[in-house]
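Understanding the architecture of this molecule
So the chains spell out like this:
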Amino acid sequence: MPENATSDDFTVTPYAVEGEVDYRELLDRFGADELTDDQIARFPGQHPMVRRRVFYAGRDVDRFLESANSGRTVSLVTGRGPSGPMHLGHVLPFYFAKHLQEQTGAHVYVPLSDDEKYFTKDLSLAEIGEYTRENLRDLLAVGFDPERTRIVIDTADADVVYPLAVQFAKHVTQSTMEATYGRPDNVGLSFYPAVQIAHLLLPQLVHGRHASMVPIAVDQDPHVRLARDVAAKEAFDVDKPAALLSKFLPTLDGPGKMSSSGDAPGIYLTDDRETVEEKIQTHAYSGGKSSLDAHRKHGGDPEVDVAYQLLAFYFEDDDATLERLADEYRSGDLLSGELKAAAADKVADFLEAHRERRERIGDLEAEFEPYRLTEDERARARPEGVGLFD
Ligand code: TRP
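These figures come from a predicted structure and were not determined experimentally.

1. A look at unusual backbone geometry
Although it is not a glycine, R53 adopts a positive phi angle of roughly 60°. Phi angles above zero are rare outside glycine, and D60 is one such case at about 60°.

2. Observations concerning the domain arrangement of the chain
Looking at the assigned domains, one finds that the chain contains domain 1 (5-246) and domain 2 (273-359). Between the C-alpha centres of domain 1 and domain 2 there is a distance of 30 Å. Each partner contributes to the interface: domain 1 provides 15 residues, whereas domain 2 provides 17 residues. Both faces considered, domain 1 and domain 2 share a buried interface measuring about 1,400 Å² in area, 55% of it formed by carbon and sulfur atoms.

3. Quick notes on the sheet that holds strand β6 (residues 107-112)
Spatially, 7 strands are ordered β3-β4-β9-β8-β5-β6-β7 in an open sheet, and the strand pairing comes out mixed. At either margin of the open sheet sits one strand with a lone partner, and together these are β3 (33-34) and β7 (149-153). By the bridge criterion, 3 bridges tie strand β5 (residues 74-77) to strand β8 (residues 211-217) in an arrangement that is parallel. Along β8, the bridge assignment pairs S75 with S212. On top of the sheet, helix α11 (residues 221-231) reaches β4 (55-59), β8 and β9 (242-246); it is set at about 175° to β9, its chief contact.

4. Quick look at the site of the ligand
In the neighbourhood of the ligand, 15 residues make up the surrounding shell, with E116, K117, Q196, H199 and Q220 lying closest. E116 has a polar side-chain atom sitting 2.9 Å from a nitrogen atom of the ligand. Q220 is positioned such that a nitrogen or oxygen atom in its side chain is 3.0 Å from a nitrogen atom of the ligand. Protein chains shield 90% of the accessible area of the ligand, which is 370 Å² for the free molecule. Looking at the shell around the ligand, the elements with two or more residues in it are α6 (114-120) and α10 (187-207). By residue number, the principal contributor to the shell around the ligand is α10, which donates 4 residues. Here the shell around the ligand is built from residues that sort into 5 nonpolar, 7 polar and 3 charged.

5. Things to note about the pairing of strand β2 (residues 16-19)
As paired elements, strand β1 (residues 10-13) and β2 share 4 bridges and run antiparallel to each other. Of the residues in β2, the one forming a bridge with T11 is E18. Between β1 and β2, which pair antiparallel and follow one another directly, the connecting turn spans 2 residues.

6. Quick notes on the pattern of salt bridges
Evaluated as defined, the whole model comprises 34 salt bridges. Across the pair D349 and R273 runs a salt bridge, and its minimum N-O distance is 2.6 Å. Remark: R273 occurs in helix α12 (residues 273-283) and D349 occurs in helix α16 (residues 336-359); sequence separation between them is 76 residues. Among the charged side chains, a network of salt bridges with common partners joins D60, R63, R209, R228, D237 and D239.

Cut-off values and rules
- Residues numbered from 1 in each chain as written.
- Predicted model: local features only at pLDDT ≥ 70, side-chain atom pairs only at ≥ 80, totals over all residues.
- Heavy atoms only, no water.
- Domains from an automatic or database assignment.
- Contact = heavy atoms within 4.5 Å.
- Buried area = accessible area lost by both parts, 1.4 Å probe.
- Pairing = 2+ DSSP bridges.
- Helix = DSSP H or I, 4+ residues; strand = E, 2+ residues; numbered from the N terminus.
- Axes fitted to C-alpha atoms, helices over the stretch in contact; angles between N-to-C directions.
- Near = heavy atom within 4 Å.
- Polar contact = N/O pair within 3.5 Å; in protein donor to acceptor, adjacent residues only side chain to side chain.
- Areas by Shrake-Rupley, 256 points an atom, 1.4 Å probe, with all protein chains shown as cover.
- Nonpolar A, V, L, I, M, F, W, Y, C, P; charged D, E, K, R; others polar.
- Salt bridge = Lys/Arg side-chain N within 4 Å of Asp/Glu carboxyl O.

Below, the structure is given as structure tokens:
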């Protein structure tokens, strides 16, 4: 384990999240900054994930905000490791990126790291390929602007990704890599950080130097740190990408835990209304009292209540409504089952709309085409002189 990423009580690296995460302490370990009220106020569109500090920290956010608010070119990079079906928590950052794209006209780059997941999971390349195609449908269903969005698959877009990764790999020493990630299980994983650096710098290589930001869960911050170090080298004509770091979305069994750690089921993008209601009613950790009488008398605690967290993190946009729910819950007027029903309803609405768009996607190859790098973009991104005949 890297010495700065682990302690007695919790561990956070791109490959392992364990224990109860202290989000503030993590910033000290990583060297990132908590978002200020002023920064939050300058976010185009005031998305609830920013307003409510789900995205709670960052690096260099000011430069991105300045560019975005003065109409200059900006971009976002947020990716997906296709190791299984996507659930609710996986898709929300993409909806956030789409929202920022609508607000700012940002280029959005979505890399799919099928190579990374092959190195870390016990899955065949064919199985990863299947998940890649499934996840791709969900990403297309988000409804990004195809003119300004590029989805890149490591093994399928290797003509661009590989020469770039080669170039960046040379600037990361073995000891830096190990200090950042710990000792990897195979050489694929030793090299992979160079691939993710290629993802993070790609928009600037295609569109020229500009303010680029990476909105991601805080465990991915080490990748951004390395990318920033490499971006600063003289050899490359790019700015350091900014990071916008989020807390982990709560799983049903309680806030502060990662999706894979608990036994409670996740909410899948394929879950229908009934399933969502059943999962939330049965499994969502409640901040309510155990008996009806006690709840009416003493009230519940919204801060630890997963149904409330879902509403606060994403699904209740209106601050006044959210506050009213919290007040009624604290006073005991609102019961745990009622709060859960309210959350389930919103989540089910969201999933229904997502599924409708997903079902309208016909032939995947044809629908994917407008989101792929064009020949011209590929040529611009590739290091000069690489490639046989172009
Ligand atoms: N490594 C990320 C994960 O495991 C996926 C990913 C690949 C990514 N490239 C990225 C995330 C670029 C953000 C930005 O989930």
